[in-house]
Structures are given as structure tokens and as C-alpha cells.
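A structural walkthrough
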Amino acid sequence: MALVRHSVRRSFFLFRQQLQRWRQRIWFYPLAFLALAVLLFILTSLIDRVTNLLGGLPDNTLLDILIFGGSSDAARSILSAVATGFTTLAGVVFSITIVALQLAGNKFTSQLIPRFERDTITQITLGVYSGVITYSLLVLRTVRAPDATGGAFVPFLGVNLAIIWAIVAIFMTIVFISRVAQQMQPAALIKDVTEDGIAAYKRLAGALRHDWVYPVGKQVIDGIRQENGDGVDTFPATAREDGYVQSIDWDPLFKTIRAALDHIVADEQILVEIERSVDDTVTEEDRLGRVMLPAGKRDIGNNLASWVATTFEISHQRTVEHDPRYASEELVNIAIKSVQSGDVDVIIQCLKGLTSFYAAVSSYLYPQTVAISNDNRRALVVLPDQQLREHTLRGIERLFDQSLSQQYDAVLETLFIETGNLMTLFARRYHRALSDQQNDQKEAPEWKPPEMRAADAVESLEMLLGMLKKIYRLSVSHYSQMDELASATQRWTRRIEEAIAVDDRLSRCLLDFLGDCYEIAREHKQLVQVIYDGFMAIQRWAQEQGKRDVLDPIIAHHTTRLGYLEASRLVNGDLRRELGE
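Every value quoted in this text rests on a predicted model; they were computed, and no experiment measured them.

Turning to the nonpolar core, a few remarks are in order. Ranked by size, the top nonpolar core spans 77 residues in total, and within it M423, L464, Y472, L506 and L510 carry the most contacts. Among the elements that line this core, the one with the most residues is helix α16 (residues 450–478), at twelve residues. Sequence-distant contacts of Y472, that is, excluding residues within four places in its chain, are made with F416, T489, W492, C517, I520, A521 and L527. In this structure, L253, I274, L288 and W307 belong to the second largest nonpolar core, which totals 45 residues.

Set out below in C-alpha cells:
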């Protein structure tokens, strides 16, 4: 019985996967509206024939105004006009769609073409046109003029429904034109790509939000492997076809794992390792993951392994709805295409989109290992690392490298402003997590403890600062506007002063960043002065807060290492003479 339920659930899940894949095709909604048109024709024809047998519509002035009640010739004229007019209009809509695809591919990136193809407004508009044309033609064939063999037949309901459908189609035409015009605007397009990428990652992380799913350290997994030893059966989950891993539906997998816990005893463990992530390329029979169970649980192992394979959606192309990395790549490619055309505004908008994306994915980090509990039983699932933060930072670095060759002052300024905002943001998250930990408070997502959120914030900040050091080195080496760099560096020091905390790890990583910036810029007196002023500002702040005992050793370490802390000479303004002015 359990195997039957498993087969039914799996078949239903596979059908839902296929339906979602069909919905992404441009023909899905037109085909659905064609089927709807045929069904409505059958229904309205039956009603019209019954009404005709009962003597037609009643005499009513209001009905005559609102409802068509004319002759068969008038009905033919209306239906012919609707069918002919919207056939022509459908051709115009298809032409506009093709032109929009070509312009988007040439101006921005070819990665955006599937976005236009999957756009719901475009699909519904084409579907409405297909439906109204099909319905009008079907109703037209039932209109009959009076002749020697019988009386006239005018499908009043069918004609009126065709008129209503035509009005809806006209409205959809206006919506479609507005949508296409909006999609061709860079600001709106970049905003949509960014929001879609963030939404995709939220869906990815949102699957873990169950009361019975909670994070555990990776060392727990290593311990279980050692404890199990040789008394474990391994069941591989393999790919059913070639292509990209388009999405992984965690929710049904987690529920299946939790149900499997009923079939093991309390001192046994289930271990599920997912070895592939979204965006990976796989071939048929490639291993997607594996299930490890105590010996003798073959039915459960095969069941879980099949579910692991089933939850992987594999397709021939990537989609931004399920692949957050694809969204960041779109933003980078749009920006690089704009570098070639010299469109600075688009580059700046893409840069802002990338920093917003980095902030979002850093706040929704999910652990690489989670536990699924059911009463006193537990299963452990090892999740793949998406490496979205690294991927996004590499995109920002690549974008800046391309822009640097053009020496775009506005791009440089935007980069330093946005990354400065990120510094403050991560520091705030860190402080909030520490406060929640001290007050024993929880914050959504509830399964993520405060100490993990604090560690995520510092780790995200450290990764950001690592990328910024590379960018700063490129700027000092290749950028000629030292005044701009000095201004940007000063902006960074102010952000660091805002973000600094009386905590060894956070304070040290921020001050390390300032020290590394000095090492990079030590040959440029303007930059050295700004960095030194930053150290002194932080030291004064620490003195005002009564926290010099914590920060002074860190500052002293850096200033001594950098070789420019001789306070009596620096404070008295001898730095300029030392540097040759």
C-alpha cells in the first residue's frame, strides 16, 4: 500500500513538473484559450438552440440596448469583423514581439530573449486573440438565414459573447503595448531582473522554513559517517535526462524524508546528500545525490533515492525564476554590453542591482546541513552550496574591470557608495543578531539562530571587503583621478566608522581592510592622509565610547605595521613634508 501511495504521489509530482515546464512556453496560453473557445462554443450553442426553440429573447428595451438581437446578416457582419480584425491584430502583436526580442538581444543581452517569451502578459494577449478568432469562426458557421428549408438561426448568446471577448482583447492590446514599452526601458528591465533573482533565492531558502527542519553543523555529518561504519547501504539518485538543473523542489523531498522516519528506530539515522545544485550541467545517469541508511532498509532507500531524482527539474535552458545566479549573470552582461555602447546610466543601474542582490542573498543564507525531526527520530540532509555571494562579487568585479578601461567617474562613485552602504548594512545585521542572542529573541526565519545570523553577516562582510581590495588595487593602478579615489576612500572610512563594533572579529576585519588599502595606496599622499584620518576618527570614537581598551590594540597593530604612526609628527602636520610637499 505504501508503494502504491508513493507511485501515485510521484506521478502527480512529475505531472506538475511537466505542467510548469509547459507554462513557460509561448504556446501554452494560446492553446489553453483555443480549448476554452471550443468549450464555450459548445455551451453557448446549446443555450442558443434551446432559447430559439422557446421563441427567442423576450422583448425588452434595456435588453435591446445592452444585448445584440439583430438579424442573421448583422450577426455575420459582426462575427466576420471580429475574426478578420483580430487576425490582423494578432499578426501585429506577433511582429511587435519579434521586434522586441531582437532589440532586447542586440541592445542588452541574448539571455533576455527567454524572459520576453515567458512573459505572462504576452502569452495571455496571444491567447485572448487566438480564443476570440476561433470562437468567432465557430459561431459564424452556425448563423443561418431564412430559406426554403427552414427559418433563420441567430446565436444571440454566441454573438454577444464574441463582442464581449473582442472588448477584452482590445483592452489586452493596450496592456500588451504598455508592457512591451516598459520592458524596453533599461531601468524597469533591470529592476525586474533583480527582483526575479531575489525572489528565486527566497523561494530556494524558503523551503527550509518548517518547524521540523533546523540547521546543524557539518561536523555532525562527519560523526554520523564514522559511527555508521560499514553497516550502511547507499542508494544513488541519478538524472533522468541531459540538461541544466533548473530547480530543486525541496518541500516534497523533505516531507518524504520525514515520513520515512516512521520506519526506522530511534537510534538509527538517515543521511541524504544532495550533490548537485541549480545551474549545474548534468548528463543522463549522472549522480544527483545519494541516500545512506542502516542495512536492511532497501525499500525506504529506493523510495528516498527516487524522490531525490524526482525533485530535480532538468531542462535544456536556464530560467531566472529558479536560478538566482542566472539573474546576476544577466545584470553583468547587460552592463558589459552597455560599456561597449557607452551607456553609463545602464551600467550604474546594473551595479545597484548587483549590490541589492548581494545584500538580499546574504540575508537569506541557508545552512549546508539541516536536520529533519519526527518525534525522537532524525534525518540529516547535506545541501549543495550555491556560492551565490562569490558569484555575485565576481560579477561586480568583472563589471568594474570593464568600466575602468573607460574611466567612468560615475560608475566608480556609485560603486563606493553602494559598497559603503553594504558595510553599514552587514554591521547592523551583526549587531541585531548579537542583541537577539543576548535577549534570547528570535527573528524570521525562526529556524536560523542568532549566532548563525551573526556569523553570516561577518562572513558576508569579509567576502565583500576581499572583493573591494581587488577593486581598490585596480583603481590605484589604472585610474588617473586621484581626487575621486581620495573622496571615495574617505566615504569608505566614514562607513567603517559607522559600522565598527566593539567586537574583535568585526572590528578587526574592517580595520584590516583600511590597513590593506593603505598598503595598496602608500605611494599616493592624498590616499594615505585620508586613511590615516580614518584611523584617527575611529580612535576618537573609541575614546568617546570608553572602548579604547578594545580597539586601541587593533589600531596600534595596523598603524605600527604600516609605519606611519608617529603621532607627534602626523598630528602636527608633518606628514606633508615627509611625503615631499
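Right, let's get into the packing of aromatic side chains. Scanning all chains against the criterion turns up eight aromatic pairs. Between F28 and Y29, the aromatic rings sit 5.5 Å apart at their centres with planes inclined by 90°, giving edge-to-face as the arrangement. Here W250 and F254 contribute two aromatic rings whose centre-to-centre distance is 5.8 Å and whose plane-to-plane angle is 20°, an arrangement assigned as stacked. Here F254 and W250 lie together in helix α10 (residues 250–260), a separation of four residues that amounts to about one turn. We classify F254 as buried; its relative accessible area is 0%. Within the aromatic cluster, the residues linked to one another by ring pairs are F416, Y472, W492 and F513.

Let us now look at the sheet that holds strand β9 (residues 377–382). Pairing between sheet strands relies on hydrogen bonds along the backbone, with the strands arranged either parallel or antiparallel. On the basis of which strands lie adjacent, the open sheet formed by six strands has the order β1-β8-β9-β4-β6-β2 and mixed pairing. Each edge of the sheet is formed by a strand with only one pairing partner; in this case those strands are β1 (213–215) and β2 (232–238). Put simply, the sheet's adjacent strands are angled 20° from each other on average, direction ignored. Two strands pair when backbone bridges link them, and strand β4 (residues 269–274) and β9 are joined in this way by five bridges, in the parallel orientation. The partner of E273 across the bridge, within β9, is V382.

Remark: helix α14 (residues 388–404) packs on α16, axes separated minimally by 11 Å, with the N-to-C direction vectors making an angle of 15°. What the angle tells us is that α14 and α16 run roughly parallel. In this structure, α14 meets α16 at a crossing whose hand is right-handed. Contacts between α14 and α16 involve R389, E390, L393, I396, E397, F400, D401 and L404 on the former and, on the latter, D456, E459, S460, M463, L464, M467, K470, I471, L474, S475 and H478. Residues that form the contact of α14 with α16 fall into these classes: nine nonpolar, three polar and seven charged.

Right, let's talk about the environment of L140 for a bit. Mapped onto the secondary structure, L140 falls in helix α6 (residues 120–140). Distance in space between the C-alpha atoms of L140 and R76 is 6.2 Å, their sequence separation being 64 residues. Among residues more than four places away in sequence, those in contact with L140 are R76, L79 and S80.

Here S306 shows up in helix α11 (residues 298–310). From its side chain, S306 meets the backbone oxygen of N303 in a polar contact 2.6 Å long.

What follows covers the sheet that holds strand β5 (residues 281–282). Taken in spatial order, the three strands of this open sheet run β5-β3-β7, and their pairing is antiparallel. A single partner strand is all that each edge strand has here, and the edge strands are β5 and β7 (312–315). Judged from the four bridges that link them, strand β3 (residues 243–248) and β7 form a sheet pairing that is antiparallel. Across the sheet, Y244 pairs through a bridge with S315, a residue of β7.

The rules we used
- Residues numbered from 1 in each chain as written.
- Predicted model: local features only at pLDDT ≥ 70, side-chain atom pairs only at ≥ 80, totals over all residues.
- Heavy atoms only, no water.
- Core = buried A, V, L, I, M, F, W, Y, C linked by side-chain atoms within 4.5 Å.
- Buried < 20%, exposed > 50% of the residue type's maximum accessible area, 1.4 Å probe, protein only.
- Helix = DSSP H or I, 4+ residues; strand = E, 2+ residues; numbered from the N terminus.
- Contact = heavy atoms within 4.5 Å.
- Phe/Tyr/Trp six-rings, centres within 6.5 Å; stacked < 30°, edge-to-face > 60°.
- Pairing = 2+ DSSP bridges.
- Axes fitted to C-alpha atoms, helices over the stretch in contact; angles between N-to-C directions.
- Parallel < 35°, antiparallel > 145°, perpendicular 65-115°, else oblique.
- Left-handed = near helix turned anticlockwise from the far one by under 90°.
- Nonpolar A, V, L, I, M, F, W, Y, C, P; charged D, E, K, R; others polar.
- Polar contact = N/O pair within 3.5 Å; in protein donor to acceptor, adjacent residues only side chain to side chain.

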